[in-house]
Amino acid sequence: MLSVVPDTTSKINFTDDNTRFDKAGIQFVMNPHDEFGLTKAMQIKESTGAELHVVHVGPQAFEPVMRKVLAIGADKAFRIDMEPADSYTTAVQLAAFLKDKDYDLIIAGKESLDYNGNAVHGLVAAMTGLRFVNAVMGLDFEGDKVLVTREIEGGKETLETRLPLLIGGQKGLVKEEELRIPNMRGIMMARKKPLEVIPPVEATQAVEFLRFEKPPVKSAVKLVDKDNLDELIDLLHNEAKVI
Amino acid sequence: MNILIFAEHNQGKPNKTAKELASYARALAGEGGTVTALGFGLQSPEDLYAYGVNQVLNVDDARFDSFNAKAYALALQQAVEKTGADVVLAGQTADGQYVGPLLAGLLGAAYVTQVVSLPENSKPLALKRKSFSNKAIATVQIDTEKAVLNLAKNSYGLHENPVGGSVENFAPQVDDAVFDDIRSVRVEKATGKVPLADAEIIVSAGRGLKGPENWGMIEELADVLGAATACSKPVADMGWRPHTEHVGQTGKQVAPNLYIAIGISGAIQHLAGVNSSKNILVINIDPEAPFFKAADYGVVGDAFEVVPKLIEKLKAFKAEH
Ligand SMILES: Cc1cc2nc3c(=O)[nH]c(=O)nc-3n(C[C@H](O)[C@H](O)[C@H](O)COP(=O)(O)OP(=O)(O)OC[C@H]3O[C@@H](n4cnc5c(N)ncnc54)[C@H](O)[C@@H]3O)c2cc1C
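So, how was this worked out
- Residues numbered from 1 in each chain as written.
- Chains lettered and ligands numbered in written order.
- Predicted model: local features only at pLDDT ≥ 70, side-chain atom pairs only at ≥ 80, totals over all residues.
- Heavy atoms only, no water.
- Near = heavy atom within 4 Å.
- Polar contact = N/O pair within 3.5 Å; in protein donor to acceptor, adjacent residues only side chain to side chain.
- Helix = DSSP H or I, 4+ residues; strand = E, 2+ residues; numbered from the N terminus.
- Domains from an automatic or database assignment.
- Contact = heavy atoms within 4.5 Å.
- Buried area = accessible area lost by both parts, 1.4 Å probe.
- Buried < 20%, exposed > 50% of the residue type's maximum accessible area, 1.4 Å probe, protein only.
- Salt bridge = Lys/Arg side-chain N within 4 Å of Asp/Glu carboxyl O.
- Nonpolar A, V, L, I, M, F, W, Y, C, P; charged D, E, K, R; others polar.
- Pairing = 2+ DSSP bridges.
- Axes fitted to C-alpha atoms, helices over the stretch in contact; angles between N-to-C directions.

### Regarding the site of the ligand
The environment of the ligand is formed by 27 residues, the closest being Ser232, Ser265, Gln269, His270 and Asn284 of chain B. The environment of the ligand is shared, with nearby residues belonging to chains A and B. Within the contact set of the ligand, a nitrogen atom lies 2.9 Å away from a side-chain nitrogen or oxygen of lysine 210 of chain B. Contact between the ligand and alanine 303 of chain B: a nitrogen atom at 2.8 Å from a main-chain N or O atom of the residue. Mapped onto the shell around the ligand, the elements with two or more residues apiece are helix H7 (233–237), helix H8 (268–274) and helix H9 (303–320) of chain B.

This is how it looks when you write it as structure tokens:
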């Protein structure tokens, strides 16, 4: 399950009287959390011969990102043709898509770096009843068992479960240097791979975005001379009241 | 309005997140509204009455001793049925973020995360949440009857509001199969350290520190302040520090009262994870470092000179206060 988001360096602006995200000039990329999941999926595909599909809820404009995933090595892509309006309606689409499939492992990113909902995959789990682990930083197979490591406050927890399984993946799932980029051959092959467009199912929004605003700007920094750290301690103590 | 909160605890004592949720819930419930907290093995309910919780439902069932998201979501769902809660609140913690969407899915309720304000409107509920990695704040309207909200850490704060509360044993009906489906086999936590999540002060360092061997002074500074330690992404990627310390857009989101950034340039992806901090102090050798634009206090200087001096000054300060 793939999400497409503004490049992390993007300046975020709004249009239509601050009611809509302004896509002008924004470069859209694969959600960074999803890159870890995709690479893990590729490794599993290579070691077991599994078939790898990718599904995305979004407009046609994002197809280049899906082609990129095919170029990296996915076998088939599905695009559910709608502009996602909220986590709930997006999850309804994905749950409906999964209904007549029987995937062993479904990988999402723990959070999409646009609306930061941290919601879709968990909602899909509730709607489908699939076993689900969030914030996954490790995944290993031991016979029929799946050992899943998730991040917890101040550490990590290893869980034992089985397939089929849905996970919200993140950093740690694979190493940074293992992340894949497409090569020329992959790009050529991707042109011939199937990208199926699916019409959305009926769904009513649970949440509407009414308007957006920028966070308040910080006032100018107070610089303290490095030879006058007493002043710094005084500011932290008496002004900020944090020590 | 009636509110249910998912109250997490450390060794039986409600943690800071639970108290912040209680504070928020009390304000949201309004006069005459009931705030109920569901805890699993919670031992000091009075710590929640102090923040406005009227009723504590405590699950005293060994099967729930270690967190199981599905089982907890089912228990919360049953607590919603019992209390008639309109809104359920969970915290921006590993467990809160895991159980939240499951519960919303079970209830057919809207799920709104990163909430930073009380509603401006109660029917329909409209409130503010962070979006685009802290680069924007969105006002959203909830169109479902019930809602599950996940409150952004440190966004509301702790507000004492003592009420007379009561505690009741609560025995949710959850099949053993749910617990067998996903079982915890091992928990690894850094011991004796302040966890990042609940830290009031975070001391964070970046590539400017040159190598892992130089973290002694960072840990010492954290020690003096009772702070947690964190780092920038490349520092974790190079293995100088554990990944659990990586903060930023692709790491942890933190919002302490004081965030101290040492030898970190202040890249946009780093700022996205830390700029909700109440106060930011930047120590950097380069006066042009972008982080100074996002800082409240700054010292231009070599960390290897400034940090040891700061430690000495703070030790003296702490001895007097
Ligand atoms: C998709 C994506 C996601 C990303 N996500 C994150 C993220 O979540 N978190 C994150 O941190 N980064 C993230 N990054 C990386 C980010 O862009 C920066 O590269 C990174 O934050 C820089 O780390 P740094 O500040 O430690 O190192 P540098 O940028 O190398 O900065 C080092 C700083 O130390 C200062 N310095 C050097 N010597 C000294 C000294 N002796 N005393 C004091 N100061 C000194 C320098 O002036 C400089 O400002 C992401 C990047 C991408 C592309």
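Still more to cover.
### Some remarks on the domain arrangement of chain B
All names here are of chain B. Partitioning chain B into structural domains gives domain 1 (3–181) and domain 2 (196–320). Taking only C-alpha atoms, the centre of domain 1 and the centre of domain 2 are 31 Å apart. With 11 residues of domain 1 at the contact, the number on the domain 2 side is 13 residues. For the domain 1 and domain 2 pair, buried surface summed over both sides reaches about 1,000 Å², with 33% attributable to carbon and sulfur atoms.

### A few points about unusual backbone geometry
For the peptide bond that leads from leucine 163 of chain A to proline 164 of chain A, omega is -5°, which places it in the cis range. Along the chain, proline 164 of chain A turns up in the loop between strand S10 (155–161) and strand S11 (165–169). With an omega of -5°, the peptide bond running from lysine 123 of chain B to proline 124 of chain B counts as cis. Structurally, proline 124 of chain B is set in the loop between strand S8 (121–122) and strand S9 (125–131). The backbone phi angle of asparagine 118 of chain A is positive, close to 55°, even though this residue is not glycine. Relative to the helices and strands, asparagine 118 of chain A is located in the loop between strand S7 (105–109) and helix H4 (120–128). Backbone geometry places lysine 210 of chain B, a non-glycine residue, at a positive phi of 75°. Turning to its location among the elements, lysine 210 of chain B is positioned in the loop between strand S14 (201–205) and helix H6 (216–225). The exposure class of lysine 210 of chain B is exposed, given its relative accessible area of 60%.

### Thoughts on the pattern of salt bridges
Residues and elements named next belong to chain B. Scanning all chains against the criterion turns up 37 salt bridges over all chains. Note that aspartate 237 is salt-bridged to lysine 233, the shortest N-O span being 3.2 Å. Pair noted here: aspartate 237 and lysine 233 are both in helix H7, with a separation of 4 residues, about one helical turn.

### A few points about the interface of chain A and chain B
On the side of chain B, 86 residues touch chain A, which itself brings 73 residues to the contact. Taking both sides of the interface into account, the surface hidden between chain A and chain B amounts to around 7,100 Å²; carbon and sulfur atoms contribute 57%. The largest contributions to the chain A side of the interface with chain B come from Glu153, Lys171 and Lys218 of chain A, which together make up 10% of the buried area. The interface formed by chain A and chain B holds 14 salt bridges in total. When the shortest N-O distance is used, the salt bridge between aspartate 95 of chain B and arginine 150 of chain A registers 2.8 Å. Summed over the shared surface of chain A and chain B, the result is 39 residue pairs in polar contact (both at pLDDT 80 or more). Only helix H1 (32–48), H4, strand S8 (131–142), strand S9 (145–152), S10, strand S13 (207–213), strand S14 (222–224) and helix H6 (229–239) of chain A provide two or more residues apiece to the side of chain A that touches chain B. Counting residues per element, the side of chain A that touches chain B draws most heavily on H6 of chain A, at 8 residues. Residue composition of the side of chain A that touches chain B, grouped by class: 33 nonpolar, 17 polar and 23 charged. Two elements, S13 of chain A and strand S10 (residues 136–142) of chain B, share 6 bridges in a ladder whose sense is antiparallel. Bridge pairing in S10 of chain B links phenylalanine 212 of chain A to alanine 138 of chain B.

### Structural notes on the environment of lysine 318 of chain B
Residue and element names in this part refer to chain B. Turning to its location among the elements, lysine 318 is positioned in helix H9. The exposure class assigned to lysine 318 is partly exposed, which follows from its relative accessible area of 33%. Sequence spacing of lysine 318 and glycine 273 is 45 residues, and the spatial spacing of their C-alpha atoms is 29 Å. Here lysine 318 is in contact with Val224 and Leu225, once residues within four sequence places are set aside.

### Focus on the sheet that holds strand S18 (residues 297–300) of chain B
What the 6 strands build is an open sheet, ordered S14(A)-S18(B)-S17(B)-S16(B)-S14(B)-S15(B); its pairing is parallel. Unpaired on one side and paired on the other, S14 of chain A together with strand S15 (228–231) of chain B mark the two borders of the sheet. Going across the sheet, the axis of each strand differs from the next one's by a mean of 20°, ignoring polarity. Judged from the 3 bridges that link them, S14 of chain A and S18 of chain B form a sheet pairing that is parallel. Paired with leucine 223 of chain A across the bridge in S18 of chain B is glycine 298 of chain B. Of the strands in this sheet, strand S16 (258–262), strand S17 (279–284) and S18 of chain B touch H9 of chain B, which is tilted by about 130° from S17 of chain B.

### Focus: the sheet that holds strand S6 (residues 76–80) of chain A
Residue and element names in this part refer to chain A. Overall, parallel pairing links the 3 strands, which are arranged S5-S6-S12 in an open sheet. The open sheet has two free edges, formed respectively by strand S5 (53–57) and strand S12 (195–198), since each of these has just one partner strand. Averaged over all neighbouring strand pairs, the angle between strand axes comes to 20°, with direction disregarded. Pairing of S6 with S12 involves 4 bridges; the strand directions are parallel. Along S12, the bridge assignment pairs arginine 79 with valine 197.

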